[in-house]
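# Observations on the model geometry
Here are the chains, one letter per residue:
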Amino acid sequence: MSRPLSLTLRVALLLAAVSVASFVAVGAYLYHALQRQMSSRDDVELIVKADQVRHLIAGMPSADAVRQEAHALKDTLYGHNDFMLRVNAADGKPLLQTSVTSRPLPQVDSVPAQRALTLDDIHDWQPASGIGRMVRAAGQAGADPVQVTLARERSDRLRVLRVYAGDLLLALGCGALLATLLGYAIVHRSMRQLRSVVAKANDISTSRMNSRLSVQDAPVELRELGSAFNAMLNRLEDGVQRLSGFAADLAHDMRTPLNTLMMETQVALSRARPVEEYQSLLASNLEEYERLSRMIDNTLFLARVDNAQLALQREPLDLPAELQRIHDYFEFLADDAGVRLSVQAEPLRASIDPVLLQRAVSNLMANALAHTPAGGTVALSARQVEEGVEIAVANSGPGIERAHLPHIFDRYYRADQARSAGAGLGLSIVRAIMELHGGNISVASHAGLTTFSLLFKKI
Ligand SMILES: Nc1ncnc2c1ncn2[C@@H]1O[C@H](COP(=O)(O)OP(=O)(O)O)[C@@H](O)[C@H]1O
Ligand SMILES: [Mg+2]
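Residues numbered from 1 in each chain as written. Chains lettered and ligands numbered in written order. Predicted model: local features only at pLDDT ≥ 70, side-chain atom pairs only at ≥ 80, totals over all residues. Heavy atoms only, no water.

### As for a nonpolar patch on the surface
- A cluster of nonpolar side chains, Leu5, Leu9, Leu13 and Tyr184, forms an exposed patch at the surface whose accessible area comes to about 330 Å².
- Its location among the elements puts leucine 13 in helix H1 (residues 7–58).
- A relative accessible area of 43% means that leucine 13 is categorised as partly exposed. (Patch = residues over 30% accessible without salt bridge, like charges linked within 9 Å, V, L, I, M, F, W, Y side chains within 5 Å. Areas by Shrake-Rupley, 256 points an atom, 1.4 Å probe, with all protein chains shown as cover. Salt bridge = Lys/Arg side-chain N within 4 Å of Asp/Glu carboxyl O. Helix = DSSP H or I, 4+ residues; strand = E, 2+ residues; numbered from the N terminus. Buried < 20%, exposed > 50% of the residue type's maximum accessible area, 1.4 Å probe, protein only.)

### What to know about helix H4 (residues 155–190)
- An ideal rise of 1.5 Å per residue puts 52 Å on 36 residues; H4 measures up with 51 Å between its terminal C-alpha atoms.
- Three or more residues of H4 are buried, namely Ser155, Arg157, Leu161, Leu172, Gly175, Ala176, Ala179, Thr180, Gly183 and Val187.
- Residues of H4 that are buried sit in contact with H1 and strand E5 (144–153). (Expected span 1.5 Å × (residues − 1). Contact = heavy atoms within 4.5 Å.)

### Concerning the packing of aromatic side chains
- Under the counting rule described, the total for this entry stands at 2 aromatic pairs.
- The interplanar angle of 85 degrees and the centroid separation of 5.2 Å between the aromatic rings of tyrosine 329 and phenylalanine 330 together place this pair among those described as edge-to-face.
- When the ring of phenylalanine 409 is compared with that of phenylalanine 452, the centres are 6.2 Å apart and the planes differ by 85 degrees; the resulting orientation is edge-to-face. Here phenylalanine 409, found in the loop between strand E10 (388–397) and helix H10 (426–436), pairs with phenylalanine 452, found in strand E12 (residues 448–457); they are 43 residues apart in sequence, far enough to count as distant. Comparing phenylalanine 409 with phenylalanine 452, the two get one shared label, buried.
- Taking the ring centre of phenylalanine 301 as reference, the NZ or CZ of arginine 359 above it sits at 4.2 Å. (Phe/Tyr/Trp six-rings, centres within 6.5 Å; stacked < 30°, edge-to-face > 60°. Lys NZ or Arg CZ within 6 Å of the ring centre and 35° of its normal.)

Spelled out as structure tokens, the structure:
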């Protein structure tokens, strides 16, 4: 499998491709401009020479003089080896011929003697070397009409153009190479910021999570990445902190019952005892085991909610029936504690997970019973409110101190350790269940009355 190209190399290659393309375009334009200019200059030269020859011939008395004065005519072409001059008499007999071409000149119209030559009078012809230009014009030597033909090969011109094209190609290659190298260097430099992100990311571990990217001096493109990265670190740090706090709390809360168990067992084993004593010890141990087991269950439940591994199974519930069932379950406990239990539910149906509803309300009921003095009341109720359905558990009693209120939904938080039978997880579980349902929990506690309300929103 081939490794994907680095971003730096990609941008550098792209830059090279773009510069090659623009160099080629400019080179082609320059080449054609030069070619056009050279050929128009050559054509003008051809006309000037042809006119010069015509003028000289016009100064001669007869066609025969042309033959005798050939050297004067040839002199006009001195230094121009690529020119070829022919002068013919009216009957076609050659009067002068500077060199012989391997190929015949084409038959083209002759320009009348009185008319001056223009660029339009020039024609292409095909010498052996490839391409040439020619002009044919009538002249007058005294009374004798003659025909002047001036032709020129352009092979040396093409040679010049070829050399020029070669130079252009070389410059183009060098330019492209330079653009690629410069592009690579520039991109490599600008990627420095990105590499610093990588270095920072490498530097971060669970024990060193407080490092953050400085986004102020980063380029705009990286600022967003940096902010997202920092936000992710914040979330991770928060999660790690909560997790380690959670583990510490759990360890702390499990240690107490475990130590009790260990100590009691050690004391029991220190000497032989009557069977009844062992029995009572085992019975008291069983209570602690149950407490531990509940704590582990609750912790696991919260962990599953945290990891979104818990799927809601909503069912249309008949609320009066559900609340009655819970009421019946707690009736004996209430009787034992000398607390009066009441239930009052409007005939409502709501789409709620039945197992979780029972768990949430039972937690509230257990708390209420634990904090209601003998002779007090606990009231369970359900009513329709504007936003949905509200289920409330209210109990008489001293209430919760204002200072504790903001914390009682936190994990492992217990305001009154003496009365609490649990590990401080009950209310956090209720809150988690409400969050799963998209609802919320609220508490109001005044002297004499504490009310926990669960709001299940309409769905
Ligand atoms: N009905 C209530 N009346 C007074 N205090 C309460 C009531 N319900 C809960 N609390 C306080 O909130 C704390 C947290 O409750 P919870 O999370 O259920 O933990 P736990 O019951 O295990 O102590 C309790 O320790 C208690 O101090
Ligand atoms: Mg509780």
